[in-house]
Amino acid sequence: MTGQNGSNGRIRGTGRRRKESSRRRRATVVAAWTVAGVVVVGGTGLGYAYFKLNGNLKAVDINAALGKNRPADVDNGSQDILVLGSDSRSGANSEYGRDEGTARSDTAMVVHLNQGHRTASVVSIPRDTLVTRPDCTSDTSGETVPGQQRAMFNTAYEVGGPACAVKTVESMSGIRMDHYLEVDFTGFKKLIDQLGGVEITTTQAINDSKSHLNLTPGTHTLDGEQSLGLVRTRKSVGDGSDLGRIQLQQAFIKALMEQAKTVGVFSDPKTLFGLADTATKAITTDSDLGSVKELTGFANGLKGLGSKNVHMVTLPVQYDPADPNRVVPLEKSAQQVWAALKQDKPIPASAIEKSAGDKGGAGQVVR
């Protein structure tokens with residue numbers, strides 16, 4: 001576990017290097033919430049398909065783990081979903097670094113679906129944001145893990161798993177998370193390959209030795225490995241920061257949403273089943289979404305959501321005065337963001353205009 005200020009990781013493109021294994025850490029869940037909207041629509045209630053897909057799913061009972069001491073469950077038709085990616089290097093993920101026996105959530109997004117599910121706001125939380133982490137229960141030992149001030153956000157998943165990550169986000173935002181979704185490196189690659197790749201356009205060359213991505217300026221169809229490289233890229237774009245990498249991830253999500261609508265996932269049963277089989281193996285959900293029936297209902301509610309109706313921002317932050325390799329929330333601006341989600345309103349531009357999160361310099365590299 002990282003110390004009070006975190007002994008590894010960095011935000012800015014300058015400063016000391018991270019350890020090799022932790023330097024590569026980047027969760028790849030940029031597609032997970034979109035996948036939920038396309039993988040199980042129609043046709044999955046038939047015998048073999050239903051039981052096979054149902055057996056693929058992994059679920060975590062967040063409600064049982066957190067109990068009743070949570071923000072109020074506002075029943076206004078909107079939904080809030082915490083989307084995480086774990087950075088475990090076990091099993092097939094070992095090629096991306098040494099397995100240290102633990103995992104962190106190095107990409108985190110709060111997805112707010114408005115009433116009617118025709119628009120969405122997505123708030124990315126930088127992994128190195130210093131937060132007050134609440135007391136949590138370890139998901140491995142069952143023991144209580146004391147809360148900590150100035151803890152890196154991504155340590156919540158490390159010490160207490162999905163439930164602690166949800167509890168930390170709810171403590172920060174005052175918003176109850178209706179659902180939880182998680183995906184890992186290998187699952188992400190397979191999902192992209194099953195979709196037939198994702199088309200993106202780069203405005204400049206990307207040559208990143210750490211993510212092993214080499215692209216010339218122009219239009220490219222990225223396979224799973226290349227897509228993973230893109231969402232892990234940091235040093236070769238913008239100011240080399242993790243905030244810039246978030247900008248790449250946000251651009252990739254929108255491209256992915258458009259790609260998913262062009263490959264016949266809503267009309268071709270074979271394509272649909274292949275994608276559903278891959279996706280249900282790749283994701284972990286909360287127990288309320290942990291069946292094909294429930295996931296299908298959730299997916300149906302997202303069919304009308306297009307990339308043009310998704311507003312993506314980074315939680316308003318500034319570099320920490322005590323440690324330039326970390327960021328801290330701009331409290332007033334952050335509360336404006338959370339208030340907008342609570343009230344089911346668009347996030348005002350004024351909430352993010354002073355944030356370092358929009359100054360990563362990578363916002364126009366991919367479109």
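Residues numbered from 1 in each chain as written. Predicted model: local features only at pLDDT ≥ 70, side-chain atom pairs only at ≥ 80, totals over all residues. Heavy atoms only, no water.

The protein chain is annotated in an unreviewed UniProt entry as LCP family protein of Streptomyces sp. 900116325. Looking at the Sequence similarities (unreviewed entry) heading of the UniProt record, one finds this comment for the protein chain: "Belongs to the LytR/CpsA/Psr (LCP) family." (UniProt positions renumbered as here; feature names shortened; annotations may be inferred.)

Examining the overall build of the protein chain
Secondary structure assignment for the protein chain yields eleven helices and 17 strands. A burial count over the protein chain gives 58% of its 367 residues as buried. Taking the intrachain contacts of the protein chain between residues at least 6 apart in sequence as the baseline, contacts between residues at least 24 apart amount to 73%. Carbon and sulfur atoms form 49% of the exposed surface of the protein chain, whose accessible area is close to 14600 Å². (Helix = DSSP H or I, 4+ residues; strand = E, 2+ residues; numbered from the N terminus. Buried < 20%, exposed > 50% of the residue type's maximum accessible area, 1.4 Å probe, protein only. Contact = heavy atoms within 4.5 Å. Areas by Shrake-Rupley, 256 points an atom, 1.4 Å probe, with all protein chains shown as cover.)

Points about the state of the cysteines
Taken as a whole and assessed by the stated rule, the structure comprises one disulfide. Here Cys136 pairs with Cys164 through a disulfide, and the sulfurs are 2.1 Å apart. Across the S-S bond linking Cys136 and Cys164, the dihedral sits near 75°, which makes this disulfide right-handed. With Cys136 in strand β6 (residues 136–137) and Cys164 in helix α5 (residues 155–173), this pair connects stretches of sequence that are 28 residues apart. (Disulfide = S-S within 2.5 Å.)

Things to note about the confidence of the model for the protein chain
Low-pLDDT portions of the prediction should not be read for the details of their coordinates. Confidence in the prediction of the protein chain, expressed as mean pLDDT, is 79, and 77% of residues score 70 or more. When pLDDT is averaged over each helix and strand of the protein chain, the minimum, 33, is found for helix α1 (residues 20–23) and the maximum, 97, for strand β5 (residues 130–133). A low-confidence stretch, residues 1–46 (pLDDT under 50), is modelled with 177 contacts involving residues beyond four sequence positions or located in other chains. Note that pLDDT drops below 50 for residues 89–101; the model gives that stretch 29 contacts with residues more than four away or on any other chain. (pLDDT = per-residue confidence, 0-100.)

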